[in-house]
Amino acid sequence: MCGIVGYLGSRQAAPILLDGLSKLEYRGYDSAGVCVMSGGILRVAKAKGRLAVLNGLIDGGKAIEGTFGIGHTRWATHGAPSDVNSHPHMADAGKIAVVHNGIIENYMRLKQQLLKKGKHFQSETDTEVVANLIEYYYDKLKDFPRAVRRAVGQLEGSFALGILCQDLPGTMIAVKKESPLIFGYGDGENFIASDVPALLKHTRKIVHLLDGDIAIITKDSVQFYDAFFDRVERKIEYVDWDISAAEKCGFDHFMLKEIHEQPTAVKGTISPRIRDGRVVLDDIKISRDYLAGLKKIYIVACGSSYYVGCLGKYLLEKTCRIPVEPVLASEFRYSAPVMGEDTLVLVISQSGETADTKAAMMEAKRHHARTLAIVNVVGSAIALEADDVIYTWAGPEIAVATTKAFSTQLSVIYLITLYFAELLGTIEPAEYQSIVSEMTKLDQKISLCLTRENVAKIRYYAEQYFTARDAFFIGRNLDCGVCREGSLKLKEIAYIHSEAYAAGELKHGPISLIEDGTLVVAVCTVDALFDKAMSNLVEVQSRGAEVLGITTENREAEFKVKVPSVITVPETHPMLQPSLTIIPLQLFSYYVALLRNCDIDMPRNLAKSVTVE
Ligand code: F6R
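Residues numbered from 1 in each chain as written. Predicted model: local features only at pLDDT ≥ 70, side-chain atom pairs only at ≥ 80, totals over all residues. Heavy atoms only, no water.

1. Overview of the packing of helix α13 (residues 404-424) against helix α20 (residues 578-595)
- Orientation of α13 relative to α20, taken along the N-to-C sense of each, is 170 degrees, at an axis distance of 10 Å. Considering their axes alone, α13 and α20 lie roughly antiparallel with respect to each other. The segment α13 lies against α20, with F406, S407, L410 and Y414 engaging P578, S579, I582 and Q586.
- Its residues assigned to classes, the contact of α13 with α20 comprises 5 nonpolar, 3 polar and no charged. (Axes fitted to C-alpha atoms, helices over the stretch in contact; angles between N-to-C directions. Helix = DSSP H or I, 4+ residues; strand = E, 2+ residues; numbered from the N terminus. Parallel < 35°, antiparallel > 145°, perpendicular 65-115°, else oblique. Contact = heavy atoms within 4.5 Å. Nonpolar A, V, L, I, M, F, W, Y, C, P; charged D, E, K, R; others polar.)

2. A word on the sheet that holds strand β12 (residues 214-217)
- Read from one edge to the other, the open sheet built from 7 strands follows the order β5-β6-β7-β8-β12-β13-β14, with strand pairing classed as antiparallel. Looking at which strands have only one partner, the edges of the open sheet turn out to be β5 (89-90) and β14 (231-232).
- Packing of helix α4 (residues 127-141) onto the sheet brings it into contact with β5, β6 (96-104) and β7 (157-165), and relative to β6 it is tilted by some 130 degrees. (Pairing = 2+ DSSP bridges.)

3. Focus on the domain arrangement of the protein chain
- By domain assignment, the protein chain separates into domain 1 (3-240), domain 2 (249-440) and domain 3 (448-598).
- The gap between the C-alpha centroids of domain 2 and domain 3 is 25 Å.
- With 30 residues of domain 2 at the contact, the number on the domain 3 side is 27 residues.
- When domain 2 packs against domain 3, the two sides together hide about 2400 Å² of surface, and 71% of this comes from carbon and sulfur.
- Among the residues domain 2 hides against domain 3, the three largest losses belong to Y307, Y314 and Y414. Together they make up 21% of the total.
- The interface formed by domain 2 and domain 3 holds 0 salt bridges in total.
- Linking domain 2 with domain 3 are 9 residue pairs in polar contact (both at pLDDT 80 or more).
- Listing elements by their share of the side of domain 2 that touches domain 3, those giving two or more residues are α6 (254-260), α7 (262-270), α9 (303-320), α13 and α14 (429-439). (Domains from an automatic or database assignment. Buried area = accessible area lost by both parts, 1.4 Å probe. Salt bridge = Lys/Arg side-chain N within 4 Å of Asp/Glu carboxyl O. Polar contact = N/O pair within 3.5 Å; in protein donor to acceptor, adjacent residues only side chain to side chain.)

4. Side note on the packing of aromatic side chains
- Enumeration over the complete set of coordinates arrives at 13 aromatic pairs.
- The interplanar angle of 55 degrees and the centroid separation of 5.7 Å between the aromatic rings of Y306 and Y307 together place this pair among those described as tilted.
- When its relative accessible area of 16% is taken as the criterion, Y306 is described as buried.
- Owing to a relative accessible area of 19%, Y307 belongs among the buried residues under this scheme.
- Judged by centre distance (6.5 Å) and plane angle (50 degrees), the rings of Y419 and F420 are tilted.
- Aromatic rings pair up to connect F183, Y185 and F224 into one cluster.
- Seen from the ring of F530, R555 lies directly overhead, with NZ or CZ sitting 4.0 Å from the centre.
- Sitting above the plane of the Y495 ring, R604 keeps its charged end 3.8 Å from the centroid. (Phe/Tyr/Trp six-rings, centres within 6.5 Å; stacked < 30°, edge-to-face > 60°. Buried < 20%, exposed > 50% of the residue type's maximum accessible area, 1.4 Å probe, protein only. Lys NZ or Arg CZ within 6 Å of the ring centre and 35° of its normal.)

5. Some points on the nonpolar core
- In terms of nonpolar packing, the biggest core is built from 124 residues, with I416, F420 and F588 touching the most fellow members.
- With 12 residues, α13 is the single largest residue contributor to this core.
- Excluding residues that lie within four positions of it along the chain, I416 makes contacts with L281, L316, L346, L372, I374 and I390.
- Membership of the second largest hydrophobic core comes to 32 residues, among which are Y107, L114, A131 and Y136. (Core = buried A, V, L, I, M, F, W, Y, C linked by side-chain atoms within 4.5 Å.)

6. Overview of the site of the ligand
- As a matter of local geometry, the ligand sits amid 14 residues, with S305, S349, Q350, T354 and E492 nearest to it.
- Between S349 and the ligand, the recorded distance is 2.6 Å, taken from a side-chain N or O atom to an oxygen atom.
- Separating an oxygen atom of the ligand from a backbone N or O atom of T402 is a distance of 2.9 Å.
- Bound to the protein, the ligand loses 90% of the 410 Å² it would expose on its own.
- Those elements that place two or more of their residues in the shell around the ligand are α9 and α17 (478-494).
- A per-class count over the shell around the ligand returns 4 nonpolar, 8 polar and 2 charged.
- For the shell around the ligand, the domains that each give at least three residues are domain 2 (249-440) and domain 3 (448-598). (Near = heavy atom within 4 Å. Areas by Shrake-Rupley, 256 points an atom, 1.4 Å probe, with all protein chains shown as cover.)

7. Section: the sheet that holds strand β27 (residues 566-569)
- Here 5 strands make up an open sheet; going across it, the order is β24-β23-β25-β26-β27 and the pairing parallel. Of all the strands in the sheet, the pair left with one neighbour each is β24 (497-502) and β27. Pairwise comparison of adjacent strand axes, ignoring direction, gives a mean angle of 15 degrees for this sheet.
- Judged from the 6 bridges that link them, strand β25 (residues 519-524) and strand β26 (residues 546-552) form a sheet pairing that is parallel. Across the sheet, V523 pairs through a bridge with I550, a residue of β26.
- Sheet strands touched by helix α18 (residues 530-541): β25 and β26. Its angle to β25, the strand with the most contacts, is close to 170 degrees.

8. What to know about the side chain of E438
- Position of E438 among the secondary structure elements: in helix α14.
- With sequence-adjacent residues up to four places away left out, E438 is seen in contact with K445, E571, T572, H573 and L576.

9. Side note on a positive patch on the surface
- Taken together, the side chains of K116, K117, K140, R146, R149 and R150 make up a positively charged region of the molecular surface.
- Top element by residues in the positive patch is helix α5 (residues 144-154). It accounts for 3 residues.
- Within the secondary structure layout, R150 lies in helix α5. (Patch = residues over 30% accessible without salt bridge, like charges linked within 9 Å, V, L, I, M, F, W, Y side chains within 5 Å. Lys, Arg positive; Asp, Glu negative; His and termini not counted. Charge placed at Lys NZ, Arg CZ, Asp CG, Glu CD.)

This is the structure in structure tokens:
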């Protein structure tokens, strides 16, 4: 969601802020702004729209001189996207400027009180309330850090803040509660940002602020205080990302690059955890006795991560014989789930910051359920709070629509399934060996799905169908889980109305929507259900649907008898097949979106990490 960048040093701040914000564009935003201390006053420039608009407004930063400032990309929550609602927000008397990521839940109450105290407001945002509250205390206390502390103590909700005070040039205060914020050490200069890509050009020495932290920053120093305002040390981390991880490297879009990175990402996730033909999960401390006493596993996540959970249900239940229920994180807390010490709550999140997922996890902890998180971003809130963490080594995912994170999350589900099944003795050794052996080849088989020839074929089908108004994705069992993810990809990046259904469910209602020319993407790879899935497919075809089939290479001839438009993927162990089947669906959505001139890496209204509930 919103992106924050802050800079203090000797270089011109505005171009650095603009460049940093451009590295956070992937988070999703609808307006942008900067505030720079210039000639003794805080000067703000902000505008609705893409960063290019702001860039034009201030001539790439040259129009505002000054060596420290804060910048922001806003994803609207309180108040529509507009110039006036954009950040930074100035307090009434112009002494305090604030950028904010998160939501202040009690802002209306605070606003009423501040109005009574004579403060005026320009925008509809909760952030302007923060600026005025700090200014109110600053006027009383004449002390910037203490004013921030007093104001923050009154805020309810989630917030990462970057704050400047006109009377204290050269000092910035950063505050974190629930929304992510990092500090970056430079040489004679310092930075804050919502995420690492904004800092990579300048520093790799960072600190993840913890909840409740307040950092007082100058160009040469930083002091961290905890929620009690006690001085604390924070752990310095060194980011080892290759800078290319945050660049497109010749690909037209991050999404395409990340699709092609999947063989490496999957290999990086699986291979360190397979040793001498066995799955070894050093990351977690889960014993056989604990598993044997488990009554239930909940899988809690949002969006694509939830669809990984839906696939996980089939795999874990079938292989480990433990009841598994995937639940949308936004629903979990409010559905009174039955859980306790004999419940494992598996939490899946690429960003590790998704507010709904984090809240669901905390609810599980309150009920003494054990939490095991599958997370991509090291040091993120969910990773820090979970009882156990397994990292997906996907590397930074920049495109809003997930691809490689999805694939690596699925890989971790395979690893967990085998690990639990071996501990519980619910899997035959030969079956275990055959899955492990196929897992070590998964990256090569994903590469085969990405050959030039296969990509060209998918592009060809995208050209046939890119004008579709509606689409259905149908499949059975694991194929149904893959369909959910494929359908979401088409919706989010190509803006085509699309629904995923279990193929057998279609005739119980949705088939009434099938008419001449409706696009139906049918995934048929599950051997035991192949004939049934083919019957479902013929049912829609005979009602006028245009069917595009996805199946395994060995089924191609049989498939083509009924459906001429077919994309094939190599065969693997049936449990691992979703890792291959999803690849053409990702590419199909990508090329359809390209042909429809959509903003692929930053689809409208979407944010990469959804830090509000
Ligand atoms: C879809 C997508 C989203 C995320 C969802 C959860 O392409 O990326 O549906 O999967 O917002 O995000 P994380 O995994 O960061 O918790």
